[in-house]
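Tertiary structure, described
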Amino acid sequence: MHASAQRVIDAATACDLDIEVHEFPDGTRTAEDAAQAVGVEVGQIVKSLVFSVDGVTVLALVSGSNRLDVEALARAAGRDGARVGRLDAQAVREATGYAIGGVPPFGHPMPLSTFIDRDLLRYPSVWAAAGTPRHVFPTTPDELVRVTDATVADLREAT
């Protein structure tokens, strides 16, 4: 098992969550790639997006079929009208311990305020990154909320 994926397994175990990590050599870097590899709807893929909300690093867990509404994220974080920006690759690695494309929803070196897209809750199972762009794991939305202590919010950008 890749060391980053093993760290995710260890973090899950520490949260009393049993996960089975799957590796896809062709990669699961995008939600579309992951959905195709796993054989599920794109909406069942959890995108772990790391943003700054007025200088505070937060994690948004967004359905793979949705675009994040940054204003909705600011409201969910209790900072309506805040300056919101996506972190660069180096800042993401520093905040989470993982590279973009492999950021898991938990197991970061420091606690991150986490917000979960309400649309993920409509699926019986969802798939999230497990430390690398090739490793993913399934879980239920309820377990994801529990282990991340996430705030459920409407994060989808209006179409």
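Preceding this section is the structure that the text describes.
Quantities reported herein were computed from a predicted structural model and do not represent experimental measurements.

What follows covers the side chain of Asp-119. Locating Asp-119 in the fold gives a position in the loop between strand 5 (113–117) and strand 6 (126–129). Residue classification places Asp-119 among the buried residues on the basis of a relative accessible area of 16%. With residues up to four places along the chain from it excluded, the contact list for Asp-119 reads Ser-63, Asn-66 and Arg-156.

Further remarks concern the environment of Gly-102. Structurally, Gly-102 can be placed in the loop between helix 4 (89–96) and strand 5. Classification of Gly-102 by relative accessible area gives buried; the value is 0%. Setting aside anything within four residues of it in sequence, one finds Gly-102 in contact with Ala-129, Ala-130, Gly-131, Thr-132 and Pro-133.

A few words on the sheet that holds strand 1 (residues 22–23). Within a beta sheet, neighbouring strands are joined by backbone hydrogen bonds and run either parallel or antiparallel to one another. Strand order across the open sheet formed by 3 strands is 1-7-6, with antiparallel pairing between neighbours. The sheet terminates laterally at strand 1 and strand 6, the two strands that pair on one side only. For strand 6 and strand 7 (residues 135–139), the ladder comprises 4 bridges, and the chain directions are antiparallel. Counterpart to Ala-129 in the pairing with strand 7 is Val-136.

With that settled, the discussion passes to helix 2 (residues 31–38). Within the sequence span of helix 2, burial applies to Ala-31, Ala-34, Ala-35 and Val-38. Each buried residue of helix 2 lies within a common arc of 100 degrees when the element is viewed along its axis, so the set occupies one face. Tucked into the core, helix 2 has its buried residues touching strand 2 (46–53), strand 6 and strand 7. One or two steps after helix 2, the chain reaches Gly-39, where phi turns positive at roughly 90 degrees.

On to the nonpolar core. Core analysis: the largest hydrophobic core is formed by 28 residues, its most contacted members being Val-8, Ile-19, Val-21, Val-46, Phe-106 and Phe-137. Only helix 1 (3–14), strand 2, strand 3 (56–63), strand 6 and helix 5 (141–148) provide two or more residues apiece to this core. Element by element, the count of residues in this core is highest for helix 1, at 5 residues. Ignoring sequence-local partners within four residues, the contact set of Val-8 consists of Ile-19, Tyr-98, Pro-104, Phe-106, Ala-130, Gly-131 and Phe-137. Among the nonpolar cores identified, the runner-up in size contains 13 residues, and Leu-49, Ala-60, Val-62 and Leu-73 belong to it.

Structurally, Thr-140 can be placed in the loop between strand 7 and helix 5. Taking relative accessible area as the criterion, Thr-140 reaches 33% and is therefore assigned partly exposed. Residues Thr-140 and Arg-29, 111 residues apart in the sequence, show an inter-C-alpha distance of 21 Å. Discounting residues that sit within four places of it in the chain, Thr-140 has contacts with Pro-124, Ser-125 and Val-126. A polar side-chain atom of Thr-140 sits 3.1 Å from the main-chain amide nitrogen of Glu-143.

Let us look at the environment of Ile-19. Structurally, the position occupied by Ile-19 is in the loop between helix 1 and strand 1. The class of Ile-19 is buried, set by a relative accessible area of 12%. When neighbours within four sequence positions are excluded, Ile-19 is seen to be in contact with Val-8, Ile-9, Ala-12 and Phe-137.

Let's shift gears to the pairing of strand 2. Summarising burial for strand 2: 7 of the 8 residues are buried, a large majority. Two elements, strand 2 and strand 3, share 8 bridges in a ladder whose sense is antiparallel. Among the inter-strand pairings, Phe-51 is bridged to a residue of strand 3, identified as Val-58. The loop that links strand 2 with its antiparallel partner strand 3 comprises 2 residues; one of these, Asp-54, has a positive phi angle of about 50 degrees. When strand 2 meets strand 4 (residues 84–86), the two strands line up antiparallel, connected through 3 bridges. Following the sheet pairing, Ser-52 is matched in strand 4 by Gly-85.

Thresholds applied
- Residues numbered from 1 in each chain as written.
- Predicted model: local features only at pLDDT ≥ 70, side-chain atom pairs only at ≥ 80, totals over all residues.
- Heavy atoms only, no water.
- Helix = DSSP H or I, 4+ residues; strand = E, 2+ residues; numbered from the N terminus.
- Buried < 20%, exposed > 50% of the residue type's maximum accessible area, 1.4 Å probe, protein only.
- Contact = heavy atoms within 4.5 Å.
- Pairing = 2+ DSSP bridges.
- Arc of directions from axis to C-beta.
- Core = buried A, V, L, I, M, F, W, Y, C linked by side-chain atoms within 4.5 Å.
- Polar contact = N/O pair within 3.5 Å; in protein donor to acceptor, adjacent residues only side chain to side chain.

Keep in mind these values describe shape, not function.
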